Amino acid sequence: MKNQSHEEFMRIAIGLSEYNVKQNQGGPFGAVIVKDGIVITRSANMVIPENDPTAHAEISAIRLACRQLGTYNLAGCIIYTSCEPCPMCLGAIYWAGISKIYYANTQTDAADIGFDDEFIYKEVNTPIEKRNLPCVQLIRDEALHVFKLWQSGKGE
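What this report covers is the structure whose coordinates are included nearby. (Residues numbered from 1 in each chain as written. Predicted model: local features only at pLDDT ≥ 70, side-chain atom pairs only at ≥ 80, totals over all residues. Heavy atoms only, no water.)

## Details of the overall build of the protein chain
Across its full length, the protein chain holds 7 helices and 4 strands. Ordered by position from N to C terminus, the α and β elements of the protein chain give α-β-β-α-α-β-α-β-α-α-α. Referenced to the eigenvectors of the C-alpha coordinate spread, the extents of the protein chain come out at roughly 50 × 40 × 25 Å. Out of the 156 residues belonging to the protein chain, those deemed buried represent 31%. For the protein chain, contacts bridging at least 24 residues in sequence account for 50% of all contacts bridging at least 6. Per element, the accessible surface of the protein chain, about 10,600 Å² overall, is 55% carbon and sulfur. One finds the centroid of the 14 positive side-chain charges in the protein chain at a distance of 7 Å from the centroid of its 18 negative side-chain charges. (Helix = DSSP H or I, 4+ residues; strand = E, 2+ residues; numbered from the N terminus. Buried < 20%, exposed > 50% of the residue type's maximum accessible area, 1.4 Å probe, protein only. Contact = heavy atoms within 4.5 Å. Areas by Shrake-Rupley, 256 points an atom, 1.4 Å probe, with all protein chains shown as cover. Lys, Arg positive; Asp, Glu negative; His and termini not counted. Charge placed at Lys NZ, Arg CZ, Asp CG, Glu CD.)

## Side note on the pattern of salt bridges
Scanning all chains against the criterion turns up 2 salt bridges. For Glu18, the salt bridge is made with Lys22, and the minimal N-O distance between the two is 2.8 Å. With Glu18 and Lys22 both in helix H1 (residues 6–22), this residue pair falls 4 residues apart, about one helical turn. Take Lys22: its relative accessible area is 63%, and that puts it in the exposed class. (Salt bridge = Lys/Arg side-chain N within 4 Å of Asp/Glu carboxyl O.)

## Topic: the side chain of Asp52
Within the secondary structure, Asp52 is located in the loop between helix H2 (47–50) and helix H3 (57–69). Polar side-chain contacts of Asp52 include one of 2.6 Å to the side chain of Thr54. Contacts of Asp52, omitting those with residues within four sequence positions, involve Val47 and Arg63. (Polar contact = N/O pair within 3.5 Å; in protein donor to acceptor, adjacent residues only side chain to side chain.)

## Section: H1
Spanning 17 residues, H1 covers 24 Å between terminal C-alpha atoms, matching the ideal 24 Å at 1.5 Å per step. Those residues of H1 not exposed but buried are Phe9, Met10, Ile12, Ala13, Leu16, Ser17 and Asn20. For H1, the angular spread of buried residues about the axis comes to 150°, placing them on one side. Away from its buried face by more than 90 degrees, H1 exposes Arg11 and Lys22. Lining the buried residues of H1 we find strand E1 (30–35), strand E2 (38–44), strand E3 (77–83) and strand E4 (100–105). One or two residues past the end of H1 sits Asn24, with phi positive at roughly 60°. (Expected span 1.5 Å × (residues − 1). Arc of directions from axis to C-beta.)

Written as structure tokens, this is what we have:
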């Protein structure tokens, strides 16, 4: 469909989130990716049906859009999401190059129903040695070799 309003695209995202809840398929989240006024992809949260903790609505929609458009760069695309993106989804949206985010519910609204990401926001800003999840660096010199191969463009 072309020439839909921002509100109409958002209603699609909200509809996906509602469908997910009513079908008992997973979290109450939906996302739609639009380019040039045309819906490219849409997805609800797929964490439970796919047994994949990264299959949030935004991530799932990004994966589908990249396949549909044959690119990893979604510049010029807009994402409509039924809730303000979590830290993982926000990172993916930036990495995908999406040009704009429209969201309905806030991260506070999500926290109020049990989807609280505040601890992740705090962890990202905590020095690595003080994080709750132990992070141990190993054999950096060997890993740097691969980075140098990439940087040189040789791959051999």
